[in-house]
Amino acid sequence: MQAIKDKLSDMNAMRKAKAEAREEENAEKELAKTRVQVAKEVRMAREAEAAMDLHVQKAAEKVADHERKFNAQDDPMYHGGASPASGHNTSMDGPPTPHNKFL
């Protein structure tokens, strides 16, 4: 009879040990999942930051191109030597003239 009680006691102890091991394994799996999610979010944030940097760089290049174009338009040589003092229409207003029809 004592052997049966010992056997049941051992089975209960083994069941408790297995349950604890399963709980620990599940906790480790959840921790690993969380780490993977965090790593994914960090990667996505870095990619978004890189995309935004590229966007800002392209915008800066467009601004620089526009400024160069604007500064070139103010250059008298751009208009074939015409200047506002010469009486030629160098503004963007009115009908196209030989000086502003390509702008």
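Here the structure is shown first, and the text comes after it.
Residues numbered from 1 in each chain as written. Predicted model: local features only at pLDDT ≥ 70, side-chain atom pairs only at ≥ 80, totals over all residues. Heavy atoms only, no water.

## Here's the deal with the overall build of the protein chain
- Across its full length, the protein chain holds 1 helix and 0 strands.
- Carbon together with sulfur atoms contributes 59% to the accessible area of the protein chain, which is approximately 9,200 Å² in total. (Helix = DSSP H or I, 4+ residues; strand = E, 2+ residues; numbered from the N terminus. Areas by Shrake-Rupley, 256 points an atom, 1.4 Å probe, with all protein chains shown as cover.)

## So, a negative patch on the surface
- Residues Glu20, Glu23, Glu24 and Glu28 make up a contiguous surface patch of negative charge.
- Relative to the assigned elements, Glu28 resides in helix α1 (residues 2-74).
- Owing to a relative accessible area of 48%, Glu28 belongs among the partly exposed residues under this scheme. (Patch = residues over 30% accessible without salt bridge, like charges linked within 9 Å, V, L, I, M, F, W, Y side chains within 5 Å. Salt bridge = Lys/Arg side-chain N within 4 Å of Asp/Glu carboxyl O. Lys, Arg positive; Asp, Glu negative; His and termini not counted. Charge placed at Lys NZ, Arg CZ, Asp CG, Glu CD. Buried < 20%, exposed > 50% of the residue type's maximum accessible area, 1.4 Å probe, protein only.)

## Comments concerning a nonpolar patch on the surface
- Residues Met1, Ile4, Leu8 and Met11 make up a contiguous nonpolar surface patch of roughly 460 Å² in combined accessible area.
- Along the chain, Met1 turns up in the segment before α1.
- Taking relative accessible area as the criterion, Met1 reaches 75% and is therefore assigned exposed.

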